[in-house]
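As a plain string of letters, each chain reads:
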Amino acid sequence: MAKGFVVISAERCKGCGFCVEFCPTKVLALASAFNSKGYHPPHVVNSDKCSGCDLCGMYCPDFAIFGARNAR
Amino acid sequence: MSDTLLEVLPEIPEDAHNPVEPFLRMDRMPHIWCPGCGIGTTVNCFARALQSSQVDLKKTVIVSGIGCTGRVAGYANLDSFHTTHGRAIPFATGMKLANPELNVVVYSGDGDLFAIGGNHFIHAARRNMDIKVVCVNNMIYAMTGGQTAPTTPGTSVTSTAPYGVYEPTFNLPALAEAAGASYVARWTTFHVKQVAKSMEEMMKKKGFCFIEIISPCPTLYQRRNKMGDALDAMKYYKEASKVRNGAPTSETTLSKTGEIVVGKFVDRDRPDYLEVLKAQMVSVLGDRYTEPENSCCEC
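Below: a short report on this structure.

Rules used in this analysis
- Throughout, a residue's number is its position along its own chain's written sequence, starting from 1.
- Each chain takes a letter, starting from A, and each ligand takes a number, starting from 1, following the order in which they are written.
- Side-chain atom pairs in this predicted model are given and counted only at pLDDT of 80 or more, local residue features only at pLDDT of at least 70, and totals for whole chains, interfaces and linings cover all residues.
- The side-chain quantities take in all heavy atoms of the structure and omit both hydrogens and water.
- Elements are defined by DSSP. Helices are runs of H or I of four residues or more, strands are runs of E of two residues or more, and each kind is numbered from the N terminus.
- With the radius of gyration taken over C-alpha atoms, the globule rule is written as 2.2 Å times the number of residues to the power 0.38.
- For each residue, the accessible area found with a 1.4 Å probe, counting protein chains only, is set against the maximum for its type, and the residue is called buried under 20%, exposed over 50%, and partly exposed in between.
- Here, two residues are considered to be in contact whenever any of their heavy atoms come within 4.5 Å of each other.
- The Shrake-Rupley method, run with a 1.4 Å probe, gives the accessible areas here. Residue values count only the displayed protein chains as cover.
- How far a helix is expected to stretch is found by multiplying one less than its residue total by 1.5 Å.
- Definition used in this section: a nonpolar core is a set of buried Ala, Val, Leu, Ile, Met, Phe, Trp, Tyr and Cys residues joined via side-chain atoms within 4.5 Å.
- Salt bridge, as used here: a side-chain nitrogen of Lys or Arg that lies within 4 Å of a carboxyl oxygen of Asp or Glu.

## Some points on the overall build of chain A
- A count of helices and strands for chain A gives two helices and four strands.
- Seen in sequence order, chain A has helices and strands lined up from the N terminus as β-α-β-β-α-β.
- Whereas a compact globule of 72 residues would reach a radius of gyration of roughly 11 Å, chain A reaches 11 Å, a difference of no more than 12%.
- Burial analysis of chain A (72 residues in total) assigns 54% to the buried set.
- Within chain A, residue pairs in contact and separated by at least 24 positions form 54% of the contacts whose partners lie at least 6 positions apart.
- When the accessible surface of chain A is totalled, it reaches about 3,200 Å², and 55% of it is carbon and sulfur.

Right, here's the structure in full:
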């Protein structure tokens, strides 16, 4: 059971890759799919490892992702 | 769009929302900044600092000048003012004098604050006006097409210096300290936690506070200098930055590819402008001095 989760607003993303690069547990990867503006948003590849630290949310220049800890 | 993007993991609560949303005008998103521009990251940190410092948002105002960073005021969900080029600090000074209860934050870029607004900056620091200045330093005039700014490091190629910049640059923390600022710090957009903490300290500190945040400009600075994209800039910040809290600001000069000294350099207490004003008036006028009435409405 993961300690946290991330929520991605794919349509707001501009594909800079900060969240993918600086995720301490490497939860994210850039998707091969496009959003409607032609950017590759991140998607979760390793959801079990997410600690909910919200570092992706702090790095995101487009307010398109955030992490949070699970209630339990 | 493939289904993987919309996949919602079962454990995500339905009411989960981005913690910065209440501090931003989300109806204006997506913002105008380029993919990978660091300004959004600094705004993200600013929103978190507003949250953690628990300042009264009704009494917090944000003033921006002109430029890419000048757009921040339009995205912050505070009373915000987008002023003329370089005049963010005099505007903020006027607001602070008219209503000393306000927390006044100036959020602008290096071109705005240190080129056309350079004189205002040093005089506000000299007077120790109780305003908080955040300077996002992307090393260039970005919005107008990549012209040389007073902060562009030597040998960089810009649209007005096709053979490379040869002028010496401003060392912003040294300038702020020499002019008399109470709080001086520098971070990069890689140091998100530190930026948020510094901004929180700044909101609680009295006097002139200055934070410089080095930020990537992938479109106009890095592209022309063949320095890669924003992620390459962030990796460079990670490798080249050295945290030296309390370092003498004479040692914090930036270069194009050299070491970036970051940290909190100055944190001192000086009487601010309004205190000095009052003390002088009381000593000269005695009982004849009356406090100016705060004419601003309670709203």
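Back to the write-up after that little detour.
## Topic: the environment of A:Val27
All names here are of chain A.
- Positionally, Val27 belongs in the loop between α1 (18-22) and β2 (28-30).
- Taking the C-alpha atoms as reference points, Val27 and Phe5, 22 residues apart in sequence, are found 9.5 Å from one another.
- Those residues in contact with Val27 that sit more than four places away from it in its chain are His43, Val44, Val45, Asn46, Ser47, Lys49 and Cys50.

## Brief notes about helix α2 (residues 39-53) of chain B
All names here are of chain B.
- Between its first and last C-alpha atoms α2 spans 21 Å; for 15 residues at 1.5 Å apiece the expected length is 21 Å, and the two agree.
- In terms of burial, α2 is largely enclosed, as 13 of its 15 residues are buried.
- Phi turns positive one or two residues past the end of α2, at Gln54, with a value near 55°.

## Remarks on the nonpolar core
All names here are of chain B.
- Grouped together as the largest cluster of nonpolar side chains are 60 residues, with contacts concentrated most on Tyr107 and Met199.
- Broken down by element, the residue count for this core peaks at seven residues, all from α2.
- In this structure, Met199 is in contact with Thr42, Cys45, Phe46, Ala49, Tyr107, Val134, Ile211 and Ile213, ignoring residues within four places of it in sequence.
- One finds Val106, Phe121, Ala124 and Ala125 within the second-largest nonpolar core, a separate group that totals 29 residues.

## Considerations on the pattern of salt bridges
Residue and element names in this part refer to chain B.
- Applying the stated criterion to the full structure yields 17 salt bridges over all chains.
- The shortest N-O distance in the salt bridge between Lys197 and Glu201 comes to 3.5 Å. In this pair, Lys197 and Glu201 are both assigned in helix α8 (residues 192-204), four residues apart and thus about one turn of the helix distant.
- The class of Lys197 is exposed, set by a relative accessible area of 52%.
- According to the relative accessible area criterion, Glu201 is partly exposed, its value standing at 24%.
- Through salt bridges with shared partners, a single network forms among Lys197, Glu201, Lys205, Lys264, Asp267 and Asp269.

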